[in-house]
Amino acid sequence: MKVKYTLLTTSTLLLSLVNCQKSELNKIDSVATATLEMVILNEDLSYKFNGMEIGTLRCTQTEGIVSIDLAINNFPKGQLSYYHAVHIHTGTCESPLSPWNLEKDLDYSFCNVLSMGEVWAKPKAGDLGNIFINDSGIGNFNLQTDLYNLGSNDASDIIGKIIYIHEVAENFTQECYEGHNHNHNNKKIACGTIEIEN
């Protein structure tokens, strides 16, 4: 009897774990991904891919919250910095345009806009932050926000936008100070297009 009871209990626990995992998966409303590749600046100021893939972006949306997970695993050695700014832009990887700002004028600041109950503290909606990449070319960056949507076809939708990794880090907090000059140039070095999966 004890053996039968143990088997029944184990089976019940396994079934509960499977159902729990299915339940967690069912909560994900949308998934989007991007493959990031190193780029080279052309003489005409457009960009081209150099054939070196360095990592992936995965975005999931659950109950109005978008989770952003950037995983870099093949970053080239010899870069100027361990920290690199990450932005969402409009345009294409070959012809990037302005920073994405939720279709608001670029003079509109998101420094004091709330995201997940806390101030965004970055000038543009597409300013994600800085990623640390170690000597082995590996780095991870994670962020959650309710400012974005996946596949909503409105101003908050990041599908079709591009994600760019820049040459060096940026001090987003300092950029929120009144009177700060935003006309700095941070070289673009890697890019990917955000595409919906389901």
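See the structure shown above.
Along each chain, residues carry numbers from 1 onward, in the same order as the chain's sequence is written. Since the coordinates come from a predicted model, pLDDT governs what is reported: local features require at least 70, and pairs of side-chain atoms require 80 or more to be given and counted, while whole-chain, interface and lining totals use all residues. Only hydrogens and water are set aside; all other atoms, that is, all heavy atoms of the structure, feed into the side-chain values.

Engineer: In this structure, what is going on with the packing of aromatic side chains? I would like to understand it.
Structural biologist: Between the rings of Phe, Tyr and Trp (Trp by its six-membered ring), a pair exists once the centres lie within 6.5 Å; its type follows the angle of the planes, with under 30 degrees stacked, over 60 edge-to-face, and the other angles tilted. This structure, assessed with the given rule, holds 6 aromatic pairs. Ring geometry for Tyr-108 against Phe-110: centres 5.2 Å apart, planes inclined by 75 degrees, an arrangement best described as edge-to-face. Site record: aromatic cluster; members linked through ring pairs are Tyr-82, Tyr-83 and Phe-132. Two conditions define a charge located above a ring, namely a distance within 6 Å from the ring centre to NZ of Lys or CZ of Arg, and an angle within 35 degrees of the ring normal. Its end group placed over the ring of Tyr-108, Lys-104 keeps NZ or CZ at 4.9 Å from the ring centre. It is Lys-188 that lies over the ring of Tyr-164; its NZ or CZ is 6.0 Å from the centre.

Engineer: What is the right way to read the state of the cysteines from this model?
Structural biologist: Note: disulfide means a covalent bond formed between the sulfur atoms of two cysteine side chains. The disulfide criterion is simple: two cysteine sulfur atoms within 2.5 Å. Applying the stated criterion across every chain yields a total of 2 disulfides. Here Cys-93 is linked by a disulfide to Cys-191, with a sulfur-sulfur distance of 2.1 Å. Judged by the torsion about the S-S bond (-75 degrees), the Cys-93/Cys-191 disulfide is left-handed. Taken together, the positions of Cys-93 in the loop between strand E4 (83-91) and strand E5 (96-99) and Cys-191 in strand E11 (residues 188-193) put the pair 98 residues apart, joining distant regions of the chain. Judged by its relative accessible area of 3%, Cys-93 is buried. Between the sulfur of Cys-111 and that of Cys-176 lies a disulfide, 2.0 Å long from S to S. As the torsion about the S-S bond is roughly -90 degrees, the Cys-111-Cys-176 disulfide counts as left-handed. Of this pair, Cys-111 sits in the loop between E5 and strand E6 (114-115) while Cys-176 is found in the loop between helix H2 (172-175) and E11, placing the two residues 65 residues apart along the sequence. Judged by relative accessible area, which is 8%, Cys-111 ranks as buried. Numbering of helices and strands runs from the N terminus, with a helix taken as a DSSP run of H or I at least four residues long and a strand as a DSSP run of E at least two residues long. Relative accessible area decides the class of each residue, using a 1.4 Å probe on protein chains only: under 20% of the type maximum gives buried, over 50% gives exposed, and in between gives partly exposed.

Engineer: I keep staring at the pairing of strand E2 (residues 47-62) and nothing clicks. Help me out?
Structural biologist: Sheet faces and side chains relate simply in a regular strand, where the side chains alternate between the two faces. As paired strands, strand E1 (residues 30-41) and E2 are joined by 11 bridges and run antiparallel to one another. Bridging across to E2, Leu-36 finds its partner in Gly-55. Here E1 folds back onto E2 in antiparallel fashion, the turn holding 5 residues, of which Leu-45 has a positive phi close to 70 degrees. A pair of strands is labelled paired if DSSP reports no fewer than 2 bridges between them. The pairing of E2 with strand E3 (residues 65-72) spans 8 bridges and is antiparallel. Considered in E3, the bridge of Thr-62 is made with Ile-65.

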